[in-house]
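As a plain string of letters, each chain reads:
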Amino acid sequence: DAGVIQSPRHEVTEMGQEVTLRCKPISGHNSLFWYRQTMMRGLELLIYFNNNVPIDDSGMPEDRFSAKMPNASFSTLKIQPSEPRDSAVYFCASSHGQGAADTQYFGPGTRLTVL
Amino acid sequence: GIQVEQSPPDLILQEGANSTLRCNFSDSVNNLQWFHQNPWGQLINLFYIPSGTKQNGRLSATTVATERYSLLYISSSQTTDSGVYFCAVISHYGGATNKLIFGTGTLLAVQP
């Protein structure tokens, strides 16, 4: 298996622009997670899907952030409008079971820079 | 919420040395995982270890859930072991979400 795939790997954009991050989980995994990593806040969970349904989005910073999972093999995280404080590395992870109880496999991350 | 503290915050080793990384957590947990983030940013799951001891090659981990800590042992360290090691837990009281809470990490540099 190719593992969790994320695109793009790097994104540089200007404040106010819309940003869309993409993730393809490992085939057969039922849970998908979006994380954000910054120096100040470390790794924090933004949203978690199980069987394509959002279970917990309490980590989503504000209304500018939205995530979708239209099918079992694809998810997007959108920021509109983007702000410089959104600059971070965004990771997608997937696991076989329900919730975070199973081993999570992380993608390579998307490094986002908002100017 | 649950607090996860890791020590030491950073560590420098000579190749071949052994080390022990510690993870303390403030409440009962259902799940504990160790991750390695390499210098290129990739996060790799090392152990799923809510209790007991596991070994994988030169790495081993022990979790004593009743005393709220876990240890990660690295023996005969190699330069490829460099990176940040994270401990992550799921609180016993976390509810349906079972959210993984990450510690602040230990930055390890192994010098040749």
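Let me sum up the structure you'll find in this document.

The rules behind these values
- Residues numbered from 1 in each chain as written.
- Chains lettered and ligands numbered in written order.
- Predicted model: local features only at pLDDT ≥ 70, side-chain atom pairs only at ≥ 80, totals over all residues.
- Heavy atoms only, no water.
- Helix = DSSP H or I, 4+ residues; strand = E, 2+ residues; numbered from the N terminus.
- Rg over C-alpha atoms; globule rule 2.2 N^0.38 Å.
- Buried < 20%, exposed > 50% of the residue type's maximum accessible area, 1.4 Å probe, protein only.
- Contact = heavy atoms within 4.5 Å.
- Buried area = accessible area lost by both parts, 1.4 Å probe.
- Polar contact = N/O pair within 3.5 Å; in protein donor to acceptor, adjacent residues only side chain to side chain.
- Nonpolar A, V, L, I, M, F, W, Y, C, P; charged D, E, K, R; others polar.

We now examine the overall build of chain A. Across its full length, chain A carries zero helices and eleven strands. In chain A, the succession of α and β elements from N to C terminus is β-β-β-β-β-β-β-β-β-β-β. Rg of the C-alpha trace for chain A: 13 Å, near the compact-globule value of 13 Å for 115 residues, within the 12% margin. The buried share of chain A, taken over its 115 residues, is 48%. Contacts in chain A between residues at least 24 apart in sequence constitute 55% of all its contacts with a sequence separation of at least 6.

Right, let's talk about the interface of chain B and chain A for a bit. Each side of the interface is counted separately: chain B has 16 residues, and chain A has 17 residues. In total, about 1,400 Å² of surface goes out of reach between chain B and chain A, with carbon and sulfur atoms giving 55% of it. For the interface between chain B and chain A, the tally reads two residue pairs in polar contact (both at pLDDT 80 or more). The element that contributes the greatest number of residues to the side of chain B that touches chain A is strand β4 (residues 29-37) of chain B, accounting for four residues. Here the side of chain B that touches chain A is composed, by residue class, of seven nonpolar, eight polar and one charged.

Here the amide bond leading from Gln-80 of chain A into Pro-81 of chain A is cis, since omega sits at -5°, within 30 degrees of zero. Inspection of the secondary structure assignment puts Pro-81 of chain A in the loop between β8 (74-79) and β9 (88-95). In this structure, the amide linkage connecting Ser-7 of chain B to the following residue, Pro-8 of chain B, adopts the cis form with an omega of -10°. With a phi angle near 50°, Asn-51 of chain A is a residue other than glycine that sits in the positive phi range. Tracing the chain through its elements places Asn-51 of chain A in the loop between β5 (42-50) and β6 (53-56). Among the residues examined, Asn-51 of chain A registers a relative accessible area of 48% and is labelled partly exposed. Not every positive phi belongs to a glycine, and Arg-68 of chain B is a case in point at roughly 60°. Within the secondary structure, Arg-68 of chain B is located in the loop between β7 (59-64) and β8 (69-74).

Purely geometric stuff here, so don't read any function into it on its own.
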